[in-house]
Each structure stands twice: as structure tokens, then as C-alpha cells.
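# Coordinate analysis (summary)
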Amino acid sequence: MNADVYEWLRREIRNWQSDGLISCEQAESLQSKYPAERNGRPWGMIIFSCLGAIIVGLGVILLLAYNWDAIPKFAKLAMVLGAVAIAHITGFFLKFGEARYRALGEGISLLGTMLFGAGIWLVAQIYHIDEHFPNAFLIWGLGALGMALAIDSIPQAILAAVLLVVWGGAERMGFETPVWVVPVAIAFILGALAWRRRSVILLAVVIPASLLSYGFTVPLGGDSSWLLFSTFLSLAAVLIAASRLSAYPGNFAAAGKVFGFYGWVIFWLMLYLMSFPGLAHHFFYWYGYPLRWTHWLFGLIPLSLVVGLWSGLAYLKKAGKIRREEGDPGWEVYLVPLTVVLGVVDLMSAQSVAGWIVAGPFNLVYIGMVAAMMARGCSEGLLKPTAIGSVLLVILVVARYFDLFESQLIRGLVFVAIGAVLLVEGFLFTRARKQKEGRAVQ
Amino acid sequence: MRAGFMLLVIVLQLVVLGFMAGEREWILHRGQVIYLRTAPLDPVDPFRGSYVRLDYDIGHIPTNLVRGGWLGKTTDRLTQEKRVYVSLKQAEGGVATVDYLSEEKPAEGLFLRGKLDRYWRPSSVLTVRYGLEAFFAQPDKAKQMEALRRRGEIQVPLEMEVAVSPKGISVMKGFRWCELGVGTQIEMAAPPTNREIRAVTITLMNVSSNALAVVDRRDGGSLSLENDEARSWRNDEGKWVGPRQSPLPLTDADVILLKPGESHAMKVDLTKPEWFVSIPGGETQAIARLQSFGVMFRLIYQAPSAEECRSLEKASFIWHGKLVSSAFGRGRVD
């Protein structure tokens, strides 16, 4: 069985399991018949050949940067063009040759793309070209993207994502030019590749790369910081919905953890910031500047995604197509779209309200979610929600210590109360854990 | 299918590199060769190594040389990265200077394609980049160039040899050093008014290997004073009252022969009315009396034309061209 077929089988077994066609034990039994050691992807070869390719490529760039006068111009050009051609052709024959050399072929092709980048800078150096420098990252990134699509290469796709983000960032920071095509290309082209290859690693790069490049395109300025903030709040909700939808049969189940990680990190960061009256007012107050069409676009696209995905999720849950697994968030997950709705309401009324009227509801949502996590962790004996909920509670209490309670007495009482809650939580968690272990033994 | 796609991408990568090099190589062989005056600095680029950053005289263009009314109709932000065409004329000494700047590509003549930096109103100078602003060199060579540029108090202008295609695309071919270097010394008033600039001395040094002559007109007419608008924050003051209305005719006594390494100094007393500059309200003042610290000036040595010098005894030695001093203002020299 070759690596691709083995990968397909692993995916299918996971899908059968999530569809409820086979039990966890049956899945493990099937997996054990085809051990990964002999048939899995040769990760050692992939990682070392790709790391080697990147380091050799960077070394070549630095060597060429020395600009050695003793080497004639045409010799330098011949060296770089020859090196690109040799690396790619070697990579080509290895990739499409014997199965055991395919991973090495992918690594050598990556070296070819690194050398292609080195070639762009070398030609610029030889002819003293000092034009619009982000173009070099664009051309290099397109070279990597083309190769990623040609051979479905995850390392080439990661390189393309990094280079395209650098391109978008350089255009935005250096020349105030937002490049819309970057987040779209990364999310849809590289995201599709990650989905097709069921690659968690590529997805883990694609999500922050598309978010970062999307951030580079949001119109900024004194009147638009609210837009960046509300956009990222909506995108966090989109990612959390996507993490739940990944569990739908036939989908990319392993992607759920990646979507969930980024979604929850951004969501909690946004919710925490909005719990401060000053910041919440700043984020939702748009100073009465006239809204441009870009504001509507940037506000409405993520918002419609929130509405679409969360409606779909609610429907699939109701229809029983998506089941809640152990460790998944409970009812409190619906506080996520509620937070987005609260944000929209605040945006629409920000001219007239301020202070705790804006931040208060976000504090309540924060406390509600934390309490639900802690309660679920304690009742089901799960460490992750219990620990994360406790840490988030302490973070909120410390923040409010400085801006809510002026009386030392009240501050002291609040700390005593929170300490007591954590002690009770510890007791309940230990009890639930023991009960769970007891059930497992039976 | 996948193999074909991969081969296509490989070919495209090679074609991109080949085109980048090939287009430049074609311009180097077929393009019109000109020289552009510049000042070098030596930074380092992480990808391309050591290079000499070049600040061209033609990179700073007064707005009165802009053709068409587009500049007044566009916002400051939209000027950034705007494609423009700079029409050039060949001056004496073989160095090209700006004729005019336009939004449209000129139908004929010598011109360069460039991009605008962001224009900040109400500045009266536009900054244009031509993609020629970096000269890459081995690190020791880059440092050597910087050393040759400054010979003690004397700064020697660098003249880049550039090949220009009919579309205005330019490729650097090489460089030469100007045969004359220029030094700038300022003289301050005694304390307590020690930030007041009283006089400037311009020293011209023959840095070539041949004998050269410079012209120092006895009426001071070899030098002119220019407001350095590219570095000044204000453009509502500091315009020079202008040259003498009726300059004295050139004589052999005005011609100074300089052997290699020799120099000649010309002192300008800025407290004299002929070196006064305008102030808001239409009056004139000595530079030392200007209210603003931001206004900077340069003295310009302009050799008379070959035609004007034809009857002079040492006419064949006279260097024809223009040299610009360092910028100076109230109490400082750059």
C-alpha cells in the first residue's frame, strides 16, 4: 500500500467513526491492521529535506548578497538559472519516480523554489534594480504557489503563504496599498489545498496567514480602528462555527481543532478587551465620520459569514447531523454569535452610549462563558475547560480590580469570593474525575 | 497531468528570471547612454548585500517643471507610486538634467520612467524614483566608493552611467567621478549670536589627473544662491534676490588653472545685499536674519558655456558644468 492510499484509508476510518458507522474500538482495530510505521508518510524525510532546502536556499541568498566581484555577471546568472533548473528537474524525477524518493523530491523542489527567490534578488543585484520591492515577494510567492498546486505540495504551499503575506504587508506598510487578493488567494486556493490534502499543518498556517493579510487590507486611520476590531470579532465567530462544522460527516474532522484554536484565542482576546469601558467605547465609536463602501464591505462580509455559518450549525445540530463529543463546548458556544450581535448593537448606538453600558454586557457574557466552562469541566470531570475557565476568571478579576472596585474592602471580599469559588471548583472537579474513573473501571 | 503542470511551473520560473535579465541586458546594449549626477550613501540590504544608495539631482523636481494640470487635481496620497515620465536634456559636461515632468509618456526625445514618492503639499518639490537608486557592490568596494566621495572637506559628485530604453526604462551601466570636487565651509557670527551664518566659502578642487580651469568672475557672478526646496520646510521665504543685472565681461584674469590636487576657494559674504533673500511681505533680508530655522540653501558654481569662453587663453582647460555645495542654513551645514 503506498503512502497516498494509506492516508486515504486513515481519513476514511476517521470519517466512518464520526459518522457512527464504526465504534472507536473498531476504528483502532482497523488502524492496527495497517501500522503507520511502515506505511505512513515519511515525515522524517519530509521535515529534514524541507528544512535542508530552506536553509540551503537562505544560504545561497546570503552568499549572493556578498556580491563577489570576481565572478563575472554571466557566470552568476548561469549559476543561479542552472541551480534552479537542476534542483527542479531533480525534484521532478524524484517526485514522479519511485515512491520511496517522493518526499525527497518534494524537498528538492522546495530548494528549487528557494533558489528561484534567490535568483530574483540576484538579477536585481546584477542590474542594480531598485524598483517596487514588494513585487519580488509577489513573483517569488507566485512561483511557490504554482509549484504547490502542481504537485499538491504542503511545504511549497506554506512558503507561498508566508511570501504572499509578506507581499501584502509590504504593500500596506510601505505604500499604503491594500492588496485584497492576498487573503482571498490564501484562504481559497491554499485553504482548498489544505482541505484536499487534509493537512492540519497547512491549515494551521493558512488561517493566521489569511487573517493577517486580511488585517492588512482593512482601511485604517483614526476613524476606522473599530472596523478592524469588529471584523476580527466576526472572524473569530466564523472560525469557531467552522470548528464545529468540521465534525460534519465527510468533512475534515481534524480541522476542527485548528479552527477552534485560532477562533477561541481571538474571541477571548476580543471579549477581554471589550470588557474595559474605555476600550469598548473606542472600538465601537466611529466618530460620526461618513461611512465609505469599503467600511460596509469589510463589516458585512464577515457578518454575513457569521449569520450563514451559525444558522447552518444550529440546523445541523437540530437535525442530529452533528453530535456533541466529550470535551466540546456546551450551550455557552451560542454566546459567541450573541457577542457579535452585541457588537453590532453597540456599533449602531455608539454615538449615544458609553462606559459600562457598552462594556457591562461583554463582562456578563465573559462571566457567563467562564462559569459554563467551569461547571461543565466539574460535572464531566474534564481538566481543560476547568483549568481554562479558572484562568480566564482570574484574568477578568485582576482587570476589574483596577477599574471597578475602589474600596479596599470590596476588593478584598471579591478576592475571597473568587478564591472560594476556585476551592469549591477544585473539590467538585476531583469528585467528578473519580466518578468518571470508577465508571471506566466498571 | 501533474507532471506537465510541474514542468510548466518550472519553465515559467526560468522564463521570469530570464526575462528580468534579458530585458536589462537588451537595454544595456541598445539603450541611449546618459550620465546622472548623484550623491552616494552606503547601507546594506538583507537580500542583496551592500549597496550604495544614490540620491539623484533629477530625483527632486520643482513643481513648476510639472506639465499638465494633474498635480493640482490629485490628492497627496494618490501621488504615491504614481507613474510619471521625466523628460531630460543634456547639459554641458555630459550630465543630463530635467526638462519637464509629465503624466503622459513623451512622444519623442530622451525621457526616464519613474514613480512619485508621496507629495506633501505645500512643498514645491516632487521626489521621483527611477529604480536606479541602489548601486550594488562588494562590501569593501561600497566602502571605498564612500571614501572616494569624501576627500577631507571636499565632496566629489558621482555621475552614474545609465542606459535608457525608448520606453524610458533605465539600467545602470557604470559610474564616473566628477573631475571637480566641492567643499563648503560656513562662518558664524561671534557669540552671543553664534547661530547666525555670516559667510560661506566654496572650495573647488581638481580631483582628476589632468589640469583643469575654473572661472571665478570678479563680480562674484560664478556663484548663485538657491533655496534647497527639497529639504526646506517652508517655501514662502528664502528666495534669492537674483544675479547681477549686467554681469562684467569674462577676462583671462577670471580663469584659474588648477593642477591635479589643487583647489581654489570662493568666499561669499551673506551679509551683503546682493546675497539677501526674500521674507514674507516682499522685503529682503540676510539669511542670518530669517525667522525660520528650516530654510536651507545651496551655492551653485556654474561654469560659463564653451561659447562664452572661446576667446579666452585657457579656454581648452575650462571645466564646463555645474557644481552644487552642501546645504546650509541658520547655524548648520549638512
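Residues numbered from 1 in each chain as written. Chains lettered and ligands numbered in written order. Predicted model: local features only at pLDDT ≥ 70, side-chain atom pairs only at ≥ 80, totals over all residues. Heavy atoms only, no water.

## Brief notes about the overall build of chain B
Condition: In this text, helices come from DSSP runs of H or I with a minimum length of four residues, and strands from runs of E with a minimum of two, each type numbered from the N-terminal end. Each residue is placed in one exposure class: buried if its accessible area under a 1.4 Å probe, protein chains only, is under 20% of its type's maximum, exposed if it is over 50%, and partly exposed if it falls in between. Throughout, a contact is declared for two residues whenever any of their heavy atoms are within 4.5 Å. Residue exposure ignores everything except the shown protein chains as possible cover, and the areas themselves are Shrake-Rupley values with a 1.4 Å probe.
Each helix and strand in chain B was counted, giving 5 helices and 25 strands. Residue burial in chain B is summarised as follows: out of 334 residues, 50% are buried. Put simply, 71% of the contacts in chain B that link residues at least 6 apart link residues at least 24 apart. Of the roughly 16,100 Å² of accessible surface on chain B, 53% is carried by carbon and sulfur atoms.

## Thoughts on the nonpolar core
Using the following cut-off: Nonpolar cores are built from buried Ala, Val, Leu, Ile, Met, Phe, Trp, Tyr and Cys residues. Side-chain atoms within 4.5 Å join them into one set.
Within the largest apolar cluster, 117 residues are counted, with the highest numbers of intra-cluster contacts made by Tyr-127, Trp-140, Phe-267, Trp-268, Leu-271, Trp-310 and Met-369 of chain A. The dominant element in this core, judged by the number of residues it contributes, is helix 11 (residues 225-245) of chain A, at 14 residues. Contact partners of Trp-310 of chain A, with chain neighbours within four places excluded, come to Ala-237, Ile-240, Ala-241, Val-333, Tyr-334, Val-336 and Pro-337 of chain A. Membership of the second largest hydrophobic core comes to 37 residues, among which are Tyr-119, Val-128, Ala-142 and Trp-177 of chain B.

## Points about the environment of Gly-381 of chain A
Residue and element names in this part refer to chain A. Structurally, Gly-381 is set in the loop between helix 16 (356-380) and helix 17 (383-403). When its relative accessible area of 0% is taken as the criterion, Gly-381 is described as buried. Along the sequence, Gly-381 and Ala-103 sit 278 residues apart, while their C-alpha atoms lie 43 Å from each other.

## Focus on the sheet that holds strand 8 (residues 125-129) of chain B
Residue and element names in this part refer to chain B. Stated precisely, the cut-off is as follows: Paired strands, as defined in this entry, are two strands with at least two bridges between them according to DSSP. Axis definition: a line fit to C-alpha positions, over the contact stretch in the case of helices; interaxial angles, taken between N-to-C directions, run 0 to 180 degrees.
Reading across the sheet, the 5 strands line up as 4-8-7-5-6 and stay open at both edges, with antiparallel pairing between neighbours. In this open sheet, the two edge strands, each paired with only one partner strand, are strand 4 (60-62) and strand 6 (96-102). Pairwise comparison of adjacent strand axes, ignoring direction, gives a mean angle of 45° for this sheet. Looking at chain direction, strand 5 (residues 83-90) and strand 6 are connected through 6 bridges and run antiparallel.

## As for the interface of chain A and chain B
The condition that has to hold: When two parts are put together, the accessible area they lose, computed with a 1.4 Å probe and summed over both, is reported as buried area. The working definition used for a salt bridge is a side-chain nitrogen of Lys or Arg within 4 Å of a carboxyl oxygen of Asp or Glu. Following the grouping adopted for this structure description, the nonpolar residues are Ala, Val, Leu, Ile, Met, Phe, Trp, Tyr, Cys and Pro, the charged ones are Asp, Glu, Lys and Arg, and the polar ones are all others, Gly among them.
Each side of the interface is counted separately: chain A has 50 residues, and chain B has 42 residues. Summed over both sides, the interface between chain A and chain B buries roughly 4,000 Å², with carbon and sulfur atoms accounting for 63% of that surface. The largest per-residue losses of area from chain A upon contact with chain B belong to Tyr-127, His-128 and Asp-130 of chain A, which jointly make up 18% of the total buried on that side. Applying the counting rule to chain A against chain B returns 4 salt bridges. Across the side of chain A that touches chain B, the residue classes break down as 30 nonpolar, 13 polar and 7 charged.

## Focus: the packing of aromatic side chains
The following threshold applies: Side-chain rings of Phe, Tyr and Trp, where Trp is taken by its six-membered ring, are said to pair if the distance between their centres is within 6.5 Å; with planes under 30 degrees apart they count as stacked, over 60 as edge-to-face, and otherwise as tilted. Only when the NZ atom of a Lys or the CZ atom of an Arg is both within 6 Å of the ring centre and within 35 degrees of the ring normal do we say a charge sits over the ring.
A complete count under the given rule lists 15 aromatic pairs over all chains for this structure. For the pair Phe-261 of chain A and Tyr-262 of chain A, a centre-to-centre distance of 5.2 Å together with 75° between the ring planes defines the contact as edge-to-face. Judged by relative accessible area, which is 52%, Phe-261 of chain A ranks as exposed. Note on Trp-264 of chain A and Phe-267 of chain A: the rings are 5.9 Å apart at their centroids and 90° apart in plane angle, and the pair reads as edge-to-face. Residue Trp-264 of chain A and its partner Phe-267 of chain A are both found in helix 12 (residues 255-274); the two are separated by 3 residues, about one turn of the helix. A single burial state applies to Trp-264 of chain A and to Phe-267 of chain A, both of which are buried. The rings of Trp-264, Phe-267, Trp-268 and Tyr-366 of chain A are connected pair by pair, giving a single aromatic cluster. Seen from the ring of Tyr-100 of chain B, Arg-67 of chain B lies directly overhead, with NZ or CZ sitting 3.5 Å from the centre. Here the basic side chain of Arg-176 of chain B rests over the ring of Tyr-35 of chain B, its NZ or CZ set 3.6 Å away from the ring centre.

## What about unusual backbone geometry?
Residue and element names in this part refer to chain A. Notably, His-128 is not glycine yet its phi reads approximately 55°, a positive angle. Structurally, His-128 can be placed in the loop between helix 6 (102-126) and helix 7 (134-151). For His-128, a relative accessible area of 10% corresponds to the buried category. Positive phi, close to 50°, is recorded for Asp-152, a residue that is not glycine. With respect to the secondary-structure elements, Asp-152 resides in the loop between helix 7 and helix 8 (154-175).

## Brief notes about the pairing of strand 8 of chain B
Residues and elements named next belong to chain B. Bridge analysis of strand 4 against strand 8 gives 3 bridges, and the strand direction is antiparallel. Looking at strand 8, one finds that Pro-62 is bridged to Val-125. As paired strands, strand 7 (residues 111-116) and strand 8 are joined by 2 bridges and run antiparallel to one another. Along strand 8, the bridge assignment pairs Leu-116 with Val-128.

## Here's the deal with the pairing of strand 6 of chain B
Regular strands show a simple pattern: their side chains alternate between the two faces of the sheet. Counting buried residues along strand 6 of chain B, 5 of its 7 residues qualify, which places the element largely inside the surrounding structure. Between strand 5 of chain B and strand 6 of chain B, which pair antiparallel in sequence order, lie 5 residues; one of them, Gly-93 of chain B, sits at a positive phi of approximately 95°.

## Section: the confidence of the model for chain B
To keep it simple, the criterion reads: Scored from 0 to 100, pLDDT records how confident the predictor is in each individual residue.
Taken residue by residue, chain B gives an average pLDDT of 84. The fraction at 70 or more is 89%. Our summary of model confidence lists the complex with pTM equal to 0.79 and ipTM equal to 0.81.

## Observations regarding the sheet that holds strand 15 (residues 197-206) of chain B
Hydrogen bonds between backbone atoms are what pair the strands of a sheet, whose relative direction is either parallel or antiparallel. All names here are of chain B. Strand order in the open sheet formed by 5 strands is 10-11-14-15-19, and the pairing between neighbours is antiparallel. Whereas interior strands pair on both sides, the edge strands pair on one side only; in this sheet they are strand 10 (150-151) and strand 19 (263-269). Examined bridge by bridge, strand 15 and strand 19 share 7 bridges and lie antiparallel to one another. For Thr-203, the partnering residue across the bridge sits in strand 19 and is Ala-265.

## A look at the state of the cysteines
All names here are of chain B. Here is the rule we go by: Counting rule for disulfides: a pair of cysteine sulfur atoms within 2.5 Å.
Taken as a whole and assessed by the stated rule, the structure comprises 0 disulfides over all chains. The thiol sulfur of Cys-178 is not disulfide-bonded, and the nearest other cysteine sulfur, from Cys-309, lies at 16 Å. A relative accessible area of 3% places Cys-178 in the buried class.

## What about a nonpolar patch on the surface?
This is how the line gets drawn: Patches here are clusters of residues that have more than 30% relative accessible area and form no salt bridge, with a 9 Å joining cutoff for like charges and a 5 Å cutoff for nonpolar side chains (Val, Leu, Ile, Met, Phe, Trp, Tyr).
Nonpolar side chains collect at one region of the surface, where Ile-47, Phe-48, Leu-51 and Ile-55 of chain A lie side by side and expose about 440 Å² of accessible area between them. Here Phe-48 of chain A lies in helix 4 (residues 43-65).

## Notes on the pattern of salt bridges
Counted by the stated rule, this structure contains 18 salt bridges over all chains. Put simply, Lys-73 of chain A and Glu-25 of chain B hold a salt bridge, and the shortest N to O gap is 3.2 Å. Placement of Lys-73 of chain A in helix 5 (residues 73-95) and of Glu-25 of chain B in helix 1 (residues 2-30) is noted, with the two residues assigned to different chains. Owing to a relative accessible area of 28%, Lys-73 of chain A belongs among the partly exposed residues under this scheme. Across the pair Glu-81 of chain B and Arg-129 of chain B runs a salt bridge whose closest N-O atoms are separated by 2.5 Å. A residue pair is termed long-range when its members are at least 10 positions apart, and Glu-81 of chain B in the loop between helix 3 (76-79) and strand 5 and Arg-129 of chain B in strand 8 qualify at 48 residues. Accessibility expressed as a relative area gives 23% for Arg-129 of chain B, which makes it partly exposed. Put simply, Glu-81, Lys-115, Asp-117 and Arg-129 of chain B are held in one network by salt bridges that share partners.

## Quick notes on the confidence of the model for chain A
The predicted model of chain A averages 83 in pLDDT, with 88% of residues at 70 or higher. Ranking the elements of chain A by mean pLDDT puts helix 3 (residues 36-39) of chain A last with 52 and helix 7 of chain A first with 95.

## Focus on helix 16 of chain A
Our working rule: Take the number of residues in a helix, subtract one, and multiply by 1.5 Å to get its expected span.
The terminal C-alpha atoms of helix 16 of chain A, which comprises 25 residues, lie 35 Å apart, in line with the 36 Å expected from a rise of 1.5 Å per residue. Looking one or two residues past helix 16 of chain A, Gly-381 of chain A carries a phi angle of roughly 65°, positive in sign.

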